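Listed below are the residues making up each chain.
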Amino acid sequence: MNDRKRQVLLTAQRLFIDKGFSTTSVQDILDESCISKGTFYNYFSSKNECLIAILVHARDEATVRRRELLIGQDLSDKNVLVEQILIRMHVNREQNLMPIFEAVFHSGDSDLRTYIKNMLLAEFSWLTRRLVDVYGKAAVPYAADCAVMLFGMMQQILHVWSAVSKEEMDTSKLVRFLLRRIDSIILGMISTKDAFFTEDVFFKLSGDEVEQTETKEQLLERLTGFLEFLGDDTLPAGKQYVQFLLDELRAESPRVFVLESVVRSFREAFKGFSHEPEAHELAYKVWRYMDTVE
């Protein structure tokens, strides 16, 4: 994504929050971004697609942070799962996305609501898999139920808290409390063999939205182009990490454990610098590629 398109997204996001999604027009975005209608439609086919691009960026950010938390960690460690669950909440807060989610809910737009539904199903699918990591194979038939209950309890407690207290919720304390409840619930379900959903329900429901993973060749081309684009003002370490990624990906059998450690260092090397957004986007694509070789 080029800088100009990214600035248009940031402008649109601010307008959607300040004015509301429904009352923000494409012309408002054009005026605030100082771009032509042709430029906007070169980037996005509609205002809806612009909004979806904002949500996709937040999803990618959460995905990368969650994956980085797993590097060198035990998949069954509940503390890691707690931090991963919190990441989505942190990203939504950092990017002020809650007003946008509310605007979509009230808009009645079927396409946007379908996209939000698919995002939710993907989140349920992720948590279902992670609950199996934590509680073991015996939890497979019950993990989908527990994923729904955990998120449902979290949402309702947050709603009640906001209604009765002016203090900010300690979300870490909340998630740890809810996982302790899941400890009891999932053990009871295993002992009684009592399940409502089948374990693959969310994978089936979210199967329509399949994200295309880039091939090794496409990823190498992107990283090579990024390396060539970096100017002299870029820290040498940043360029070195790009080269490390290229060298490993060019191997006949890239080593996932090497890519994991390098891609995190690569992303961190660009934090606070002008190329940080591009580095984040590339890090997400490397993680997606690693999913295909693990």
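A quick note: this is a predicted structure, and the numbers were derived from the prediction, not measured.

## Regarding the overall build of the chain
Here comes step 1: The helix and strand tally for the chain stands at 14 helices and zero strands.
Here comes step 2: Each helix (α) and strand (β) of the chain, taken in turn from the N terminus, gives the series α-α-α-α-α-α-α-α-α-α-α-α-α-α.
Here comes step 3: Taken over C-alpha atoms, the radius of gyration comes to 21 Å for the chain, in line with the 19 Å a tight globule of 294 residues would show.
Here comes step 4: Taken along the three principal axes of its C-alpha coordinates, the chain extends 60 × 50 × 40 Å.
Here comes step 5: A buried classification covers 44% of the 294 residues belonging to the chain.
Here comes step 6: Carbon and sulfur atoms make up 54% of the accessible area of the chain, which totals about 15,800 Å².
Here comes step 7: Side-chain charges in the chain split into 36 positive and 45 negative, and the spacing between the mean points of these groups amounts to 3 Å.

## Some points on the environment of M149
Here comes step 1: Here M149 shows up in helix α8 (residues 143-164).
Here comes step 2: C-alpha of M149 to C-alpha of I185: the two residues are 36 residues apart in sequence and 9.5 Å apart in space.
Here comes step 3: When sequence neighbours within four positions are dropped, the list of residues in contact with M149 reads I185 and M189.

## Quick notes on the pattern of salt bridges
Here comes step 1: The full count for this structure, using the stated rule, is 19 salt bridges.
Here comes step 2: Salt-bridge contacts for E61 lead to R65; the nearest nitrogen and oxygen are separated by 2.7 Å. Within this pair, E61 and its partner R65 are both found in helix α4 (residues 47-69), separated by four residues, close to a single helical turn.
Here comes step 3: R66 is the partner of E123 in a salt bridge, and the nearest nitrogen-oxygen pair spans 2.6 Å. A residue pair is termed long-range when its members are at least 10 positions apart, and E123 in helix α7 (residues 110-135) and R66 in helix α4 qualify at 57 residues.
Here comes step 4: Residue class for R66 comes out buried when judged on its relative accessible area of 6%.
Here comes step 5: Three or more residues are tied together by salt bridges with common partners; here these are E61, R65, E68, E94 and R267.

## Some remarks on the environment of I17
Here comes step 1: Its location among the elements puts I17 in helix α1 (residues 3-19).
Here comes step 2: Overall, I17 belongs to the partly exposed group, its relative accessible area being 23%.
Here comes step 3: C-alpha of I17 to C-alpha of I100: the two residues are 83 residues apart in sequence and 6.3 Å apart in space.
Here comes step 4: When sequence neighbours within four positions are dropped, the list of residues in contact with I17 reads Q95, N96, P99 and I100.

## Considering unusual backbone geometry
Here comes step 1: Here the phi dihedral of C34 falls at roughly 60°; this positive angle occurs in a residue that is not glycine.
Here comes step 2: Topologically, C34 is positioned in the loop between α2 (26-33) and α3 (37-43).
Here comes step 3: You will see that K193, though not glycine, has its phi angle at about 50°, which is positive.
Here comes step 4: Locating K193 in the fold gives a position in the loop between α9 (171-192) and α10 (201-205).

Rules and cut-offs
- Residues numbered from 1 in each chain as written.
- Predicted model: local features only at pLDDT ≥ 70, side-chain atom pairs only at ≥ 80, totals over all residues.
- Heavy atoms only, no water.
- Helix = DSSP H or I, 4+ residues; strand = E, 2+ residues; numbered from the N terminus.
- Rg over C-alpha atoms; globule rule 2.2 N^0.38 Å.
- Buried < 20%, exposed > 50% of the residue type's maximum accessible area, 1.4 Å probe, protein only.
- Areas by Shrake-Rupley, 256 points an atom, 1.4 Å probe, with all protein chains shown as cover.
- Lys, Arg positive; Asp, Glu negative; His and termini not counted.
- Charge placed at Lys NZ, Arg CZ, Asp CG, Glu CD.
- Contact = heavy atoms within 4.5 Å.
- Salt bridge = Lys/Arg side-chain N within 4 Å of Asp/Glu carboxyl O.

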